Structures are given as structure tokens and as C-alpha cells.
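Structure at a glance
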Amino acid sequence: MGKIILEDIEIYAYHGCLPEERKIGSRFLVNLEIRADLEKAGRSDQLEDTFDYGIARDIIYHEMAFPSSLLEHVAGRILSKLFQASPLIKKARIRISKLNPPFSGEMKAVAVELSQKRKA
């Protein structure tokens, strides 16, 4: 078992419950960790023996482009698409952080983290 990790993907998107958030948008950071059997790829050096993280990146950008009220919803959509994309994925965890959330006071970010395991 191994991990494929995508770190700090910065995306400008339009998620939030407030009308201003959906109109003005905000910066988000997405971090993804995928657990998969990477042994065969480690031996073969062939892309078809692993999960292509370019696919994960494309799924993240695609789903982040569709506005949602809740980050939980976006994260759930991304996880669902990842598991549909490859049977190699056994478990995945995603963290989506909204940078500079619309609250008074100093706050760097607010984040949601979801994880999912493949059902047997």
C-alpha cells in the first residue's frame, strides 16, 4: 500500500452560503491523499500500473468549478469521482480550505476534511 499526495492546489472558486461568496469568489487550497496499491508500479515503472495523479488534479479542478453552498458537498463530489475513476484507490482523504473566510477578525482559513474508503 502507498500514498499519492497532491498538496496545496490553489484554486479560485465560488463556494459559500452567502450571496457575496457566490458572486465574488474566494481562494481555496485543496489537499488530497490517495491510498492505493503502488507495489506493481514501483516495480514496473509503467503509468498504467498506478493511479495517474493528473486525473485527480483534473477531477479537483472540474468539481471546484461548480459552485456549492457547502465545502462538504464539493469534497464529497470529488471523492465520489475519484473512486469512480479508478479501482486502484482504496481510501482517499481530501481537505478543502477557504482562505480568508468572510468573518470578522483574523483567520487564515476555514477547512473541511472528508475521507472515504472503497466499499468491499
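Our subject is the structure that appears above.
1. Side note on the pattern of salt bridges
Considering all chains together, one arrives at ten salt bridges under this definition. Between lysine 40 and aspartate 49 there is a salt bridge, with the nearest N and O atoms lying 3.7 Å from each other. Overall, the relative accessible area of 14% leaves aspartate 49 in the buried class. The partner of arginine 57 in a salt bridge is aspartate 58, with the nearest N and O atoms 3.3 Å apart. Look at arginine 57 and you get partly exposed, because its relative accessible area is 39%.

2. Some details on the environment of isoleucine 78
Mapped onto the secondary structure, isoleucine 78 falls in helix α4 (residues 71-85). Given a relative accessible area of 0%, isoleucine 78 falls into the buried group. On a C-alpha basis, the gap between isoleucine 78 and glycine 54 in space is 14 Å, while along the polypeptide they are 24 residues apart. Every residue in contact with isoleucine 78, bar those within four places of it in the chain, is listed here: Ile59, Ile60, Glu63, Met64, Ile94 and Ile96.

3. Quick notes on helix α3 (residues 53-64)
Taking 1.5 Å per residue as the helical rise, α3 with its twelve residues ought to reach 16 Å, and the 17 Å between its terminal C-alpha atoms agrees with that figure. Turning to α3, its buried residues number three or more, namely Ala56, Ile59, Ile60, Glu63 and Met64. Within α3, the buried residues cover an arc of 120° as seen down the axis, which keeps them to one side. The inward-facing, buried residues of α3 abut β1 (2-13), β2 (26-36), α4 and β3 (89-99).

Conventions and cut-offs
Residues numbered from 1 in each chain as written. Predicted model: local features only at pLDDT ≥ 70, side-chain atom pairs only at ≥ 80, totals over all residues. Heavy atoms only, no water. Salt bridge = Lys/Arg side-chain N within 4 Å of Asp/Glu carboxyl O. Buried < 20%, exposed > 50% of the residue type's maximum accessible area, 1.4 Å probe, protein only. Helix = DSSP H or I, 4+ residues; strand = E, 2+ residues; numbered from the N terminus. Contact = heavy atoms within 4.5 Å. Expected span 1.5 Å × (residues − 1). Arc of directions from axis to C-beta.

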